[in-house]
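# Report on the structure
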Amino acid sequence: MFFQLPFTHALASHPRSRAANLFKRQDALLISLNQFSKCYEGNSGVAIAVSQLSMEVQPGQVLGLVGRNGAGKTSTLKSIAGILSISGGTIEIDGFDVADNPVDAKYRTAYVPDDPELFHDLTVEQHLQFVASVYQIQSPGARIAELLSDFELESKRDSPAKDLSRGMRQKLAICCAWLQSPKAMLLDEPMTGLDPYGIRMLKQSVTRQAETGVAVIISSHLLAMVEDICSDILILDEGRNKFYGTLEQLKLRFGNTPFEGASNSPQRSLEEIYFSALN
Amino acid sequence: MNSRITHPALHRLLWHRAAAKMKGIGSRLFAPKRWLVTLIAFGLAFVWLSQILASVFLRQPADPSLLSERIALGMMGFTLWQVAKVIFRKPVEPFEWTPCEKQLLQSAPIERRELVSYRLLTTGYSVLLKAACFVLVMIPDLNYLIVGFVGCMLGLAFCEFAKTVIEVVIYGGGKRASLVARILAGVGIASVLVICCAKVAGQPDAAEMLASPAAWKFLLAIAYAAGELTHSGIGAVVAGPFRFFSDIMLTKSLDMTLATNMLSGFALTAGSFWAALNADRWMVGNRQQLERQMLRRARSSASAKTTFSNAKNRVVSVPYRLGGVGSIAWRQFLGAWHYRSSIFFSFLLPVILCCIPLFSNTRTGASPLFLIASVAFYSYLLLPAALMLDFRRDVDRLSVLKTLPISPMNIVLGQLVVPVTMCSVFQAIVFLISGMFGVASAGCLLVCWLAFIPMNLLIMSFENLIFMLYPYRRNKEGVDVFLRTILTFTGKGLTWGAGAALVFLWALACKYLAENVFVFGSVSPATVATTLLVGGCTALVLGIATGIICLLVRLFDRYDPSSDAVAMN
């Protein structure tokens, strides 16, 4: 059974939700998880990383995925991206089931991992050419040049990936994701290693992408960033849905919940609200 | 679903990576920092090529029918060995995708079938090189070089694809399938061994064969007996496909028989390729089902855990720090404990091989020497590959090790403790069994065991030195790995030969010294000579081991992750 979103009004009130409203239709769900579960078999038995998670992300919606370490955020994103198999339930991207129609679903998805692994022997440009070839992008030269310029990678165009710094690798992974025109974007801790300019570029470009109708899920521990660019938030706790709604709804629900170490300020920050939600 | 074999983007990727790899090998070989390694590599390559040229130009062609039989047997043996390895050491996952391939390729809109084809084709490229080398060695025996090359390539590709099929099936079948495969393989191997041993034991010169150095005559007889088994009903079926490839290679004329064999060979290779693709499709579906069953069981059972609830309230501590040596060794020991069953099976074969001469009825004065030679030979040849509990296991953690507040010398010593100890345990087991069979006195065996400890230190530090000179990933395949393996084995063979020659010369010197220089009235010259031999060898081995350890420390200290790190993918 789908988790129904009772927050249409609140969604419209958020500045970042204008894009979402533009694309809102009854059937316009871009990312849809229905009772999704993921388990792993380890030496100490079976561990359930995500349990019966249901959620929907509409075009233009920017969803912040937050939770403790090991809450199941990366497992969720990797399963949506088709990297991990699905133990239970279904995941659909633009109506295509990730398990049954993986190629169609992946054509509509871009995934930026938390620690980008690149082909060490390929140059920056070769990576982008490879991605263009995979996604069958015709004449990608101009787009590649634009992305390299935006993310300050022009001087590294012919450098092999093994010579790039952590931040540059992150930028290249973002460029690879941005090169195609995805309908769903999955970003796992995308700010890691980025310099202030890169962070600003990323934020702006996520907002721009959302305005063109892309559904975005960002997993992050940087709550200020989540507050800044996300219209909705999903808090995962031990693989379960602790809260799913708009930031306003989150504030309404947990804004006054007491917890150890809470400040007396009437205007609680998202960080404090997050702690209230998890306590 | 489309009908193409691989995605065009993957062709582009293969091309880019092959070009970059060649460039990388070239730049690493000619880097000023590595001039010594390059020099050694070129020296070894020269030796290897000389051996090959000598074998090509100086030997007579072998008997074609016998050679054909042996090639088929060799291919079958290689495939069965690979299959047994897969069965007894279940793969973590088939195809071993690198982290990069997982992230970039598995999230890309490329069909799984195309990805598997890509992986199989990358295996195919290394097969090309192997086939080229093999054909080079076989020049005197081949009537048509191109045909020989094609036959060899098809045969090797068939072996690789067949191995992949088994790997995928074992992984996809889950625990039960793995257990059944192990039981079947175990029973099969034991049956073949029992039959072969019974055949060889029935031969009149069995006792003499058992007593040969490292039991090599006995092992050879077993191999012949196993070869003869391929003429039996089941054996002929198993060996049958491999005969097509050897017949293609050694064809005498371009006739209809060759055409038929070629067709059969192509059909077999293409069939195994197709089987690998389908096995993978089955594996994905089956794993999915198993995962869903696992989830259902986990939900219904009381032991269902979330990722947060499996922390144990157990305090773990490092027993002895010893300036960091203890901490590093303790970590490697935990790894050894984790892989205890694999290590046990890795020990089993060398222990059995070393103990084969003990079954001989005839004991001569040379028996203890044969035993010591066997232990040294197997310790040098088999154990280093089985005991990768040192730097070779830490290829991705070398940078982390460098950040530890432990001196490089202590890190190196800490890394060597576990493999050296386990090597010594292996030797202790063999000597203990030998003592029970009365091969030599307990005192003699104890002295030998103690003398082997520096030898183990030398073997393991030498292995680590090779690794640090040119870091590599354990399960990687490719042109560079192939070249490195050839050069490493050539180098090992040369050093083993040089070591044996040195010991021989020292033994002669000891005899001379005992008879002419160190003459004591009360002590026999034989005792003096033995003492000099053991003491001298031990001192020499210790000296070389110390030198190698110092080199290893220097290399580790100067290790620069930016230029020395292996390509991760």
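As the structure is a prediction and not an experimental result, all values here were calculated from the model.

Cut-off values and rules
Residues numbered from 1 in each chain as written. Chains lettered and ligands numbered in written order. Predicted model: local features only at pLDDT ≥ 70, side-chain atom pairs only at ≥ 80, totals over all residues. Heavy atoms only, no water. Pairing = 2+ DSSP bridges. Helix = DSSP H or I, 4+ residues; strand = E, 2+ residues; numbered from the N terminus. Axes fitted to C-alpha atoms, helices over the stretch in contact; angles between N-to-C directions. Contact = heavy atoms within 4.5 Å. Core = buried A, V, L, I, M, F, W, Y, C linked by side-chain atoms within 4.5 Å. Buried < 20%, exposed > 50% of the residue type's maximum accessible area, 1.4 Å probe, protein only. Arc of directions from axis to C-beta. Polar contact = N/O pair within 3.5 Å; in protein donor to acceptor, adjacent residues only side chain to side chain. Salt bridge = Lys/Arg side-chain N within 4 Å of Asp/Glu carboxyl O. Parallel < 35°, antiparallel > 145°, perpendicular 65-115°, else oblique. Left-handed = near helix turned anticlockwise from the far one by under 90°. Nonpolar A, V, L, I, M, F, W, Y, C, P; charged D, E, K, R; others polar. Phe/Tyr/Trp six-rings, centres within 6.5 Å; stacked < 30°, edge-to-face > 60°. pLDDT = per-residue confidence, 0-100. Buried area = accessible area lost by both parts, 1.4 Å probe.

## What to know about the sheet that holds strand 7 (residues 184–188) of chain A
Residue and element names in this part refer to chain A. If you walk across this open sheet you meet the six strands as 6-7-8-3-9-10, and the pairing is mixed. What marks the edges here is a single partner per strand, and that holds for strand 6 (109–112) and strand 10 (240–246). Ignoring which end each strand starts from, the neighbouring axes of this sheet average 15° apart. Pairing geometry for strand 7 and strand 8 (residues 215–219), over five bridges, is parallel. Paired with D188 across the two strands is S219, which belongs to strand 8. Relative to the sheet, helix 7 (residues 166–179) contacts strand 6 and strand 7, its axis offset from that of strand 6 by approximately 175°. With respect to the sheet, helix 11 (residues 270–278) is in contact with strand 3 (62–67), strand 9 (232–237) and strand 10, its orientation differing from that of strand 9 by roughly 40°.

## Remarks on the nonpolar core
Counting residues in hydrophobic clusters, the biggest one holds 106 residues, and the most contacted among them are L128(A), W178(A), V206(A), I235(A) and L105(B). If one sorts the elements of this core by residue count, helix 6 (residues 145–172) of chain B sits on top with twelve residues. Sequence-distant contacts of W178(A), that is, excluding residues within four places in its chain, are made with V112(A), R143(A), L147(A), M185(A), L187(A), L202(A), S205(A), V206(A) and Q209(A). The next biggest cluster of nonpolar side chains, apart from the first, holds 63 residues, and it includes C354(B), L389(B), F467(B) and I548(B).

## A few points about helix 6 (residues 141–150) of chain A
All names here are of chain A. Within the span of helix 6, buried status applies to I144, L147 and L148. The buried side chains of helix 6 occupy one side of the element, clustering within an arc of 100° when seen end-on. Buried residues in helix 6 make contact with helix 5 (124–134) and helix 7. Downstream of helix 6 by one or two residues, E152 has phi in the positive range, about 55°.

## As for the side chain of N456(B)
All names here are of chain B. With respect to the element layout, N456 can be found in helix 18 (residues 442–469). In this structure N456 comes out as buried when scored by relative accessible area, which is 0%. A distance of 2.7 Å separates a polar atom in the side chain of N456 from a polar atom in the side chain of Q427. If sequence neighbours within four positions are ignored, N456 has contacts with V420, C423, S424 and Q427.

## Some remarks on the pattern of salt bridges
By the definition in use, this model includes 25 salt bridges over all chains. Notably, a salt bridge pairs E125(A) with R157(A), separated by 3.2 Å at the nearest N-O pair. In this pair, E125(A) sits in helix 5 while R157(A) sits in the loop between helix 6 and helix 7, placing the two residues 32 residues apart along the sequence. In this structure E125(A) comes out as partly exposed when scored by relative accessible area, which is 23%. Residue R243(B) pairs with E69(B) through a salt bridge whose shortest N-O separation is 3.3 Å. Residue R243(B) is located in helix 10 (residues 233–249), and its partner E69(B) is located in helix 3 (residues 64–88); the two are separated by 174 residues in the primary sequence. Its relative accessible area of 22% is what places R243(B) among the partly exposed residues. By sharing partners, the salt bridges in this structure join D390(B), R392(B), E463(B) and K492(B) into a single network.

## So, the packing of helix 3 of chain B against helix 7 (residues 174–201) of chain B
Residues and elements named next belong to chain B. Relative to each other, helix 3 and helix 7 sit at 135°, their axes nearing to 9 Å. Classified by the angle their axes make, helix 3 and helix 7 are oblique. As for the relative orientation of helix 3 and helix 7, their crossing is left-handed in sense. Where helix 3 abuts helix 7, its residues A84, I87 and F88 lie against A181, R182, A185, G186 and I189. When the residues that make up the contact of helix 3 with helix 7 are grouped by side-chain class, the tally is six nonpolar, one polar and one charged.

## Notes on the packing of aromatic side chains
Taken as a whole, this structure holds twelve aromatic pairs over all chains when the rule is applied. On the numbers, 5.7 Å between centres and 55° between planes, the contact of Y274(A) with F275(A) is tilted. Its relative accessible area of 36% is what places F275(A) among the partly exposed residues. Relative to F242(B), the ring of F158(B) has its centre 5.6 Å away and its plane inclined at 70°; by these criteria the two rings are edge-to-face.

## Let's talk about the confidence of the model for chain B
Residues and elements named next belong to chain B. Looking at chain B, pLDDT values average 82 and 90% of them are 70 or higher. At the low end of the mean pLDDT range in chain B sits strand 1 (residues 305–306), at 52; at the high end sits helix 17 (residues 408–436), at 90. Every residue in residues 307–311 is under pLDDT 50, and counting partners more than four places away or in other chains gives twelve contacts.

## What about the interface of chain A and chain B?
Listed by partner, the interface residues are 48 residues for chain A and 38 residues for chain B. With both chains or domains summed, chain A and chain B bury close to 4,100 Å², and 59% of this area falls on carbon and sulfur atoms. Taken together, the connections running from chain A to chain B amount to one salt bridge. The salt bridge involving E291(B) is made with K38(A); its shortest N-O contact spans 2.7 Å. Our enumeration of links across chain A and chain B arrives at nine residue pairs in polar contact (both at pLDDT 80 or more). Only strand 1 (31–42), strand 2 (45–57), strand 4 (88–93), helix 4 (102–107) and helix 5 of chain A provide two or more residues apiece to the side of chain A that touches chain B. When residues in the side of chain A that touches chain B are grouped by element, the largest group, seven residues, is from strand 2 of chain A. Of the residues assigned to the side of chain A that touches chain B, the class counts are 21 nonpolar, 19 polar and eight charged.

## Side note on unusual backbone geometry
All names here are of chain A. In this structure, Q52 takes a positive phi of about 45° despite not being glycine. Secondary-structure assignment places Q52 in strand 2. Exposure remark for Q52: the relative accessible area of 39% places this residue in the partly exposed category. Even without glycine at this site, E152 takes up a positive phi of about 55°. Within the element layout of this structure, E152 appears in the loop between helix 6 and helix 7. Given the relative accessible area of 41%, E152 is considered partly exposed.

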